Amino acid sequence: MAANPARASFVASHFAGPLLWIPVNKATFTGRSQHIEADLDRYAAAGTRVFLAARR
């Protein structure tokens, strides 16, 4: 199967989007822009798990 750059970009946005949106939404709705490192690690781990599970 040949690589499809448009598809690759689409898939990458589905991986990166939630990892970026969660902290941004949290800051938007709580008014706090500081994030705890452990929370960011947890978002990244959970996002990776869900993304990989959906792509199987």
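None of the values given here were measured: they were computed from a predicted structure. (Residues numbered from 1 in each chain as written. Predicted model: local features only at pLDDT ≥ 70, side-chain atom pairs only at ≥ 80, totals over all residues. Heavy atoms only, no water.)

### Notes on the pattern of salt bridges
Charged atoms that come close allow side chains of opposite charge to pair.
Move 1: Counted according to the given criterion, the structure contains 2 salt bridges.
Move 2: A salt bridge links Lys 26 to Asp 39; the shortest N-O distance between them is 3.3 Å. With Lys 26 in helix H1 (residues 5-30) and Asp 39 in helix H2 (residues 37-54), this pair connects stretches of sequence that are 13 residues apart.
Move 3: Here Lys 26 falls in the partly exposed class, since its relative accessible area comes to 33%.
Move 4: Overall, Asp 39 belongs to the buried group, its relative accessible area being 16%. (Salt bridge = Lys/Arg side-chain N within 4 Å of Asp/Glu carboxyl O. Helix = DSSP H or I, 4+ residues; strand = E, 2+ residues; numbered from the N terminus. Buried < 20%, exposed > 50% of the residue type's maximum accessible area, 1.4 Å probe, protein only.)

### Here's the deal with H1
Move 1: Taking 1.5 Å per residue, 26 residues should reach 38 Å; H1 reaches 37 Å between its end C-alpha atoms and fits that length.
Move 2: Taking the largest bend as the criterion, H1 deviates by roughly 30 degrees, centred on Gly 17, and proline Pro 18 comes between one and four positions later.
Move 3: Residues Val 11, Gly 17 and Pro 23 constitute the buried set of H1.
Move 4: Where H1 is buried, its residues meet H2.
Move 5: Remark: Gly 31 follows H1 within two positions and exhibits a positive phi of approximately 80 degrees. (Expected span 1.5 Å × (residues − 1). Bend = angle between axes of the 7 residues up to and from the residue. Contact = heavy atoms within 4.5 Å.)

### Details of H2
Note: α-helices contain 3.6 residues per turn, so residues at a spacing of three or four share the same orientation.
Move 1: Across its 18 residues, H2 extends 26 Å between first and last C-alpha, which sits within 8% of the 26 Å expected from 1.5 Å per residue.
Move 2: Three or more residues of H2 are buried, namely Asp 39, Tyr 43 and Phe 51. Around the axis of H2, the buried residues are gathered within 90 degrees of arc, so they sit on the same side. The exposed set on the far side of H2, more than 90 degrees from its buried face, consists of Glu 37, Ala 38 and Arg 49.
Move 3: Where H2 is buried, its residues contact H1. (Arc of directions from axis to C-beta.)

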